[in-house]
Amino acid sequence: MVGEQVQSAPQKAKVVPEGDYLIKLTKLEKKDTKAGNATYLDGTFEVIEGEYAGNRMYKKFYIDHPNFKCTWYSKKRAEELLKSTGVGTSDKDLDKDFAILESCVNKAIIGKVSINAGKNGFSDRNEINNFSAR
């Protein structure tokens, strides 16, 4: 039909091989868990160079969670993100809600990426294990 716009189906995130990739944080969204007992920032990252440019991967930064290890790990990864982008120098810069991570959007960094095997019918997915300066 004339004037009809055809929308393509949303692209599914593709799994990239393990390794170090030049990536950037493209989106950060505050969410609550389905159980309602924790709050996190859902970060979307995109590979910006090489064969896998355009591929996306995701990282959750838990602001609060009943499991201390979960928030401790998230704080360490958030601190790495701050340092690697030059936005901050330590976890003291995070504040209580990690809002400073918004300042990391669109800054190129290196992400060390692994693959988590899918379980219970879910597909494999990438995990960003560490962030470092480019």
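Scoring rules and cut-offs
- Residues numbered from 1 in each chain as written.
- Predicted model: local features only at pLDDT ≥ 70, side-chain atom pairs only at ≥ 80, totals over all residues.
- Heavy atoms only, no water.
- Helix = DSSP H or I, 4+ residues; strand = E, 2+ residues; numbered from the N terminus.
- Contact = heavy atoms within 4.5 Å.
- Buried < 20%, exposed > 50% of the residue type's maximum accessible area, 1.4 Å probe, protein only.
- Pairing = 2+ DSSP bridges.
- Axes fitted to C-alpha atoms, helices over the stretch in contact; angles between N-to-C directions.
- Phe/Tyr/Trp six-rings, centres within 6.5 Å; stacked < 30°, edge-to-face > 60°.
- Lys NZ or Arg CZ within 6 Å of the ring centre and 35° of its normal.

## Quick look at the side chain of S84
Note that S84 resides in helix α1 (residues 68-85). For S84, the residues in contact, after removing those within four places along its chain, are I109, F131, S132 and A133.

## Section: unusual backbone geometry
Although it is not a glycine, N106 sits at a positive phi angle of roughly 70°. For N106, the location among the structural elements is in the loop between α1 and β4 (108-116). Positive phi, close to 50°, is recorded for N120, a residue that is not glycine. Position of N120 relative to the elements: it lies in the loop between β4 and β5 (125-132). Judged by relative accessible area, N120 falls into the exposed class, the value being 76%.

## Comments concerning the side chain of T44
Along the chain, T44 falls in strand β2 (residues 39-47). By relative accessible area, T44 is classed as buried at 12%.

## A look at the environment of K60
Along the polypeptide, K60 turns up in strand β3 (residues 56-64). Classification of K60 as partly exposed rests on a relative accessible area of 40%. Taking the C-alpha atoms as reference, K60 lies 4.7 Å from D42; in sequence the two are 18 residues apart. Sequence-distant contacts of K60, defined by excluding residues within four places in its chain, comprise Y40, L41, D42 and S74.

## A look at the sheet that holds β3
Strand order in the open sheet formed by five strands is β3-β2-β1-β4-β5, and the pairing between neighbours is antiparallel. Looking at which strands have only one partner, the edges of the open sheet turn out to be β3 and β5. Strand-to-strand twist in this sheet, taken as the mean axis angle between neighbours without regard to direction, amounts to 45°.

## Focus on the packing of aromatic side chains
One pass over the full model with this rule turns up four aromatic pairs. Plain terms: the ring middles of F61 and F131 are 6.4 Å apart, the flat faces sit at 25° to each other, and that makes the pair stacked. Placement of F61 in strand β3 and of F131 in strand β5 is noted, with a sequence separation of 70 residues between them. Across the pair, F131 and F61 agree in class, each one buried. Taken together, the ring pairs connect F45, F61 and F131 into an aromatic cluster. The side chain of K60 reaches across the aromatic face of Y40, ending 4.9 Å from its centre.

## Digging into the pairing of strand β1 (residues 19-32)
Note that β1 and β4 share six bridges and pair antiparallel. Paired with D20 across the strands is K112, a residue of β4. Pairing of β1 with β2, which is carried by nine bridges, proceeds in the antiparallel orientation. In the sheet register, I23 faces β2, and the bridge partner there is V47. Where β1 hands over to β2, the hairpin turn is made up of six residues, of which G36 adopts a positive phi near 80°.

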